[in-house]
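Spelled out from the first residue to the last, the chains are:
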Amino acid sequence: MANVIVVGAQWGDEGKGKIVDLLTPHFDVVARYQGGHNAGHTVIIRGTKYVLHLIPSGILHPEKVCVIGNGVVIDLTALKREISDLQALGISCKGRLFISNRAHVILDYHRSIEQADEKRRGSERIGTTNRGIGPAYEDKMGRRGVRICDLRNPQVLSRLIHENLRQKQSLLPADEPLDPDLVLEQNVALSEELSEYFLDAAEVLNRTMDEGKSVLFEGA
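Residues numbered from 1 in each chain as written. Predicted model: local features only at pLDDT ≥ 70, side-chain atom pairs only at ≥ 80, totals over all residues. Heavy atoms only, no water.

Here we look at the sheet that holds strand E1 (residues 3–6)
Okay, step 1: The 6 strands lie next to each other as E1-E10-E2-E5-E7-E9, forming an open sheet whose pairing is parallel. Each edge of the open sheet is held by one strand with a lone partner, namely E1 and strand E9 (198–199).
Okay, step 2: Relative to strand E10 (residues 215–218), strand E2 (residues 29–32) runs parallel, the two sharing 4 bridges. What sits directly across from Val-29, in E10, is Val-215. (Pairing = 2+ DSSP bridges. Helix = DSSP H or I, 4+ residues; strand = E, 2+ residues; numbered from the N terminus.)

A look at the environment of Cys-149
Okay, step 1: Residue placement: Cys-149 occurs in the loop between helix H4 (133–141) and helix H5 (154–168).
Okay, step 2: Cys-149 sits in the partly exposed class, given a relative accessible area of 26%.
Okay, step 3: For the pair Cys-149 and Thr-208, spaced 59 residues apart in sequence, the C-alpha separation works out to 22 Å. (Buried < 20%, exposed > 50% of the residue type's maximum accessible area, 1.4 Å probe, protein only.)

What to know about the pattern of salt bridges
Okay, step 1: Tallied over the entire structure, the rule returns 14 salt bridges.
Okay, step 2: For Lys-168, the salt bridge identified is with Asp-139, shortest N-O distance 2.7 Å. Remark: Asp-139 occurs in helix H4 and Lys-168 occurs in helix H5; sequence separation between them is 29 residues.
Okay, step 3: In this structure, Arg-207 engages Glu-203 in a salt bridge whose closest nitrogen and oxygen atoms are separated by 3.8 Å. (Salt bridge = Lys/Arg side-chain N within 4 Å of Asp/Glu carboxyl O.)

Some remarks on the pairing of strand E7 (residues 97–100)
Okay, step 1: Neither face of E7 is exposed, since Leu-97 and Ile-99 on one face and Phe-98 and Ser-100 on the opposite face are all buried.
Okay, step 2: With 3 bridges joining them, strand E5 (residues 65–68) and E7 adopt parallel strand pairing. The partner of Ile-68 across the bridge, within E7, is Ile-99.
Okay, step 3: As defined by bridge partners, E7 adjoins E9 across 2 bridges and the pair is classed as parallel. When the bridges of E9 are listed, Ser-100 appears paired with Leu-199.

And the structure:
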(Lines give C-alpha, C1' and ligand atoms only; values in the text may rest on other atoms or scores of the structure.)
Protein backbone atom coordinates (compact mmCIF):
# COMPACT_ATOMS: atom_id res chain seq x y z
CA MET A 1 0.00 0.00 0.00
CA ALA A 2 1.69 3.23 -1.19
CA ASN A 3 -0.16 5.71 1.00
CA VAL A 4 -1.70 5.48 4.47
CA ILE A 5 -4.03 7.87 6.30
CA VAL A 6 -4.01 7.89 10.12
CA VAL A 7 -7.49 8.90 11.30
CA GLY A 8 -8.69 9.28 14.88
CA ALA A 9 -12.14 8.39 16.22
CA GLN A 10 -12.79 12.00 17.33
CA TRP A 11 -12.03 11.26 20.99
CA GLY A 12 -8.71 13.08 21.07
CA ASP A 13 -5.46 11.78 22.59
CA GLU A 14 -5.98 8.49 20.80
CA GLY A 15 -2.31 7.80 20.19
CA LYS A 16 -2.21 8.94 16.57
CA GLY A 17 1.18 10.52 17.15
CA LYS A 18 2.69 7.25 18.34
CA ILE A 19 1.32 5.44 15.29
CA VAL A 20 2.75 8.11 12.99
CA ASP A 21 6.16 7.80 14.67
CA LEU A 22 6.06 4.04 14.22
CA LEU A 23 5.13 4.25 10.52
CA THR A 24 7.25 7.24 9.43
CA PRO A 25 10.44 5.27 8.58
CA HIS A 26 8.46 3.37 5.91
CA PHE A 27 7.30 6.50 4.02
CA ASP A 28 8.92 9.20 1.90
CA VAL A 29 6.63 12.08 2.89
CA VAL A 30 4.59 12.83 6.03
CA ALA A 31 1.63 15.17 5.45
CA ARG A 32 -0.58 16.86 8.04
CA TYR A 33 -4.07 17.27 6.65
CA GLN A 34 -6.21 19.07 9.30
CA GLY A 35 -6.33 20.75 12.70
CA GLY A 36 -4.35 23.58 14.20
CA HIS A 37 -1.71 24.29 16.81
CA ASN A 38 -3.91 23.02 19.63
CA ALA A 39 -2.57 19.58 18.78
CA GLY A 40 0.31 18.41 20.92
CA HIS A 41 2.87 15.79 19.99
CA THR A 42 5.81 15.29 22.34
CA VAL A 43 8.68 13.09 21.22
CA ILE A 44 11.80 12.22 23.26
CA ILE A 45 14.80 11.01 21.25
CA ARG A 46 17.99 10.09 23.07
CA GLY A 47 17.05 12.30 26.00
CA THR A 48 16.08 15.35 23.91
CA LYS A 49 12.46 16.47 24.14
CA TYR A 50 10.72 17.78 21.01
CA VAL A 51 7.27 19.39 21.26
CA LEU A 52 5.33 19.74 17.99
CA HIS A 53 1.99 21.46 17.42
CA LEU A 54 1.80 22.20 13.67
CA ILE A 55 4.74 20.52 12.00
CA PRO A 56 4.44 16.77 11.31
CA SER A 57 6.64 14.66 13.57
CA GLY A 58 8.29 13.22 10.46
CA ILE A 59 10.49 16.35 10.54
CA LEU A 60 12.53 14.61 13.26
CA HIS A 61 13.65 12.04 10.66
CA PRO A 62 16.41 13.85 8.68
CA GLU A 63 15.64 12.18 5.34
CA LYS A 64 11.89 12.82 5.37
CA VAL A 65 9.90 15.57 3.66
CA CYS A 66 6.93 17.07 5.54
CA VAL A 67 3.86 18.81 4.18
CA ILE A 68 1.19 20.89 5.90
CA GLY A 69 -1.93 20.77 3.73
CA ASN A 70 -4.68 23.26 3.08
CA GLY A 71 -6.98 21.60 5.63
CA VAL A 72 -4.82 22.94 8.46
CA VAL A 73 -5.48 26.39 9.97
CA ILE A 74 -2.18 28.14 10.69
CA ASP A 75 -1.14 30.68 13.29
CA LEU A 76 1.94 32.19 11.63
CA THR A 77 3.45 33.29 14.96
CA ALA A 78 3.14 29.75 16.31
CA LEU A 79 4.60 28.33 13.10
CA LYS A 80 7.60 30.66 13.21
CA ARG A 81 8.22 29.79 16.87
CA GLU A 82 8.02 26.05 16.20
CA ILE A 83 10.49 26.25 13.30
CA SER A 84 12.88 28.30 15.49
CA ASP A 85 12.55 25.88 18.42
CA LEU A 86 13.41 22.94 16.17
CA GLN A 87 16.36 24.84 14.70
CA ALA A 88 17.68 25.47 18.21
CA LEU A 89 17.58 21.71 18.81
CA GLY A 90 19.49 20.99 15.61
CA ILE A 91 16.50 20.13 13.38
CA SER A 92 16.35 22.19 10.19
CA CYS A 93 13.08 22.59 8.28
CA LYS A 94 14.68 24.27 5.26
CA GLY A 95 14.04 22.34 2.06
CA ARG A 96 12.10 19.67 3.97
CA LEU A 97 8.95 21.48 5.10
CA PHE A 98 6.33 22.61 2.57
CA ILE A 99 3.13 24.42 3.52
CA SER A 100 0.07 24.85 1.34
CA ASN A 101 -0.42 28.42 0.20
CA ARG A 102 -4.16 27.70 0.32
CA ALA A 103 -4.16 26.95 4.06
CA HIS A 104 -6.23 29.39 6.10
CA VAL A 105 -4.62 31.75 8.61
CA ILE A 106 -5.62 32.20 12.25
CA LEU A 107 -5.75 35.96 12.93
CA ASP A 108 -5.93 38.02 16.12
CA TYR A 109 -9.70 38.42 15.92
CA HIS A 110 -10.21 34.66 15.83
CA ARG A 111 -8.52 34.34 19.22
CA SER A 112 -10.42 37.33 20.64
CA ILE A 113 -13.76 35.95 19.48
CA GLU A 114 -13.10 32.52 20.97
CA GLN A 115 -11.96 33.97 24.30
CA ALA A 116 -15.01 36.28 24.46
CA ASP A 117 -17.36 33.41 23.63
CA GLU A 118 -15.88 31.20 26.35
CA LYS A 119 -16.23 34.04 28.85
CA ARG A 120 -19.84 34.61 27.81
CA ARG A 121 -20.70 30.93 28.34
CA GLY A 122 -19.56 31.07 31.97
CA SER A 123 -20.02 27.71 33.67
CA GLU A 124 -21.21 26.27 30.35
CA ARG A 125 -17.96 27.07 28.57
CA ILE A 126 -16.56 24.45 26.22
CA GLY A 127 -13.01 24.53 27.56
CA THR A 128 -11.28 25.34 24.29
CA THR A 129 -7.59 26.23 24.03
CA ASN A 130 -8.59 29.80 23.06
CA ARG A 131 -6.20 29.71 20.13
CA GLY A 132 -8.77 30.81 17.55
CA ILE A 133 -8.97 27.50 15.72
CA GLY A 134 -12.77 27.10 15.77
CA PRO A 135 -13.50 30.66 14.54
CA ALA A 136 -10.85 30.27 11.82
CA TYR A 137 -12.61 27.15 10.55
CA GLU A 138 -15.94 28.98 10.70
CA ASP A 139 -14.52 31.65 8.39
CA LYS A 140 -13.12 28.97 6.09
CA MET A 141 -16.51 27.28 5.80
CA GLY A 142 -18.17 30.68 5.32
CA ARG A 143 -15.76 31.49 2.47
CA ARG A 144 -14.58 34.66 4.16
CA GLY A 145 -11.30 33.39 5.60
CA VAL A 146 -7.80 34.62 4.79
CA ARG A 147 -5.49 32.13 3.09
CA ILE A 148 -1.72 32.25 3.01
CA CYS A 149 -1.80 33.17 -0.70
CA ASP A 150 -4.03 36.17 0.15
CA LEU A 151 -1.19 37.62 2.24
CA ARG A 152 0.65 38.35 -1.02
CA ASN A 153 -2.26 40.41 -2.38
CA PRO A 154 -2.54 43.62 -0.27
CA GLN A 155 -5.79 44.74 -1.89
CA VAL A 156 -7.62 41.45 -1.32
CA LEU A 157 -6.15 41.06 2.16
CA SER A 158 -7.16 44.55 3.26
CA ARG A 159 -10.72 44.02 2.03
CA LEU A 160 -11.07 40.65 3.78
CA ILE A 161 -9.72 41.85 7.13
CA HIS A 162 -11.72 45.09 7.19
CA GLU A 163 -14.95 43.32 6.16
CA ASN A 164 -14.46 40.55 8.70
CA LEU A 165 -13.79 42.94 11.56
CA ARG A 166 -16.89 44.99 10.69
CA GLN A 167 -19.05 41.87 10.66
CA LYS A 168 -17.57 40.50 13.88
CA GLN A 169 -17.62 43.71 15.89
CA SER A 170 -20.50 42.58 18.11
CA LEU A 171 -18.58 39.38 18.98
CA LEU A 172 -15.36 41.15 19.96
CA PRO A 173 -14.63 42.52 23.45
CA ALA A 174 -15.57 46.22 23.47
CA ASP A 175 -12.58 47.10 25.67
CA GLU A 176 -10.06 45.42 23.35
CA PRO A 177 -10.47 47.02 19.90
CA LEU A 178 -8.40 45.55 17.09
CA ASP A 179 -6.69 47.69 14.45
CA PRO A 180 -7.31 46.00 11.07
CA ASP A 181 -4.28 47.70 9.52
CA LEU A 182 -2.04 46.40 12.32
CA VAL A 183 -3.43 42.86 11.91
CA LEU A 184 -2.69 43.12 8.18
CA GLU A 185 0.81 44.53 8.68
CA GLN A 186 1.88 41.92 11.24
CA ASN A 187 0.71 38.94 9.20
CA VAL A 188 2.16 40.19 5.93
CA ALA A 189 5.53 40.60 7.70
CA LEU A 190 5.32 37.06 9.10
CA SER A 191 4.36 35.60 5.73
CA GLU A 192 7.38 37.26 4.12
CA GLU A 193 9.67 35.78 6.78
CA LEU A 194 8.23 32.31 6.19
CA SER A 195 7.73 32.59 2.42
CA GLU A 196 10.32 29.91 1.57
CA TYR A 197 8.00 27.26 3.02
CA PHE A 198 4.83 28.24 1.11
CA LEU A 199 3.85 26.64 -2.20
CA ASP A 200 1.19 24.54 -3.92
CA ALA A 201 1.23 21.55 -1.57
CA ALA A 202 -1.25 19.61 -3.71
CA GLU A 203 1.18 19.75 -6.61
CA VAL A 204 4.01 18.48 -4.38
CA LEU A 205 1.93 15.55 -3.13
CA ASN A 206 0.60 14.64 -6.58
CA ARG A 207 4.11 14.69 -8.03
CA THR A 208 5.36 12.57 -5.12
CA MET A 209 2.71 9.92 -5.75
CA ASP A 210 3.20 10.03 -9.54
CA GLU A 211 6.86 9.22 -8.91
CA GLY A 212 5.80 6.12 -7.01
CA LYS A 213 6.81 7.46 -3.60
CA SER A 214 4.73 6.88 -0.48
CA VAL A 215 2.88 9.40 1.69
CA LEU A 216 1.77 9.06 5.31
CA PHE A 217 -1.15 11.39 6.06
CA GLU A 218 -1.62 12.39 9.70
CA GLY A 219 -4.40 14.28 11.44
CA ALA A 220 -4.21 16.57 14.45
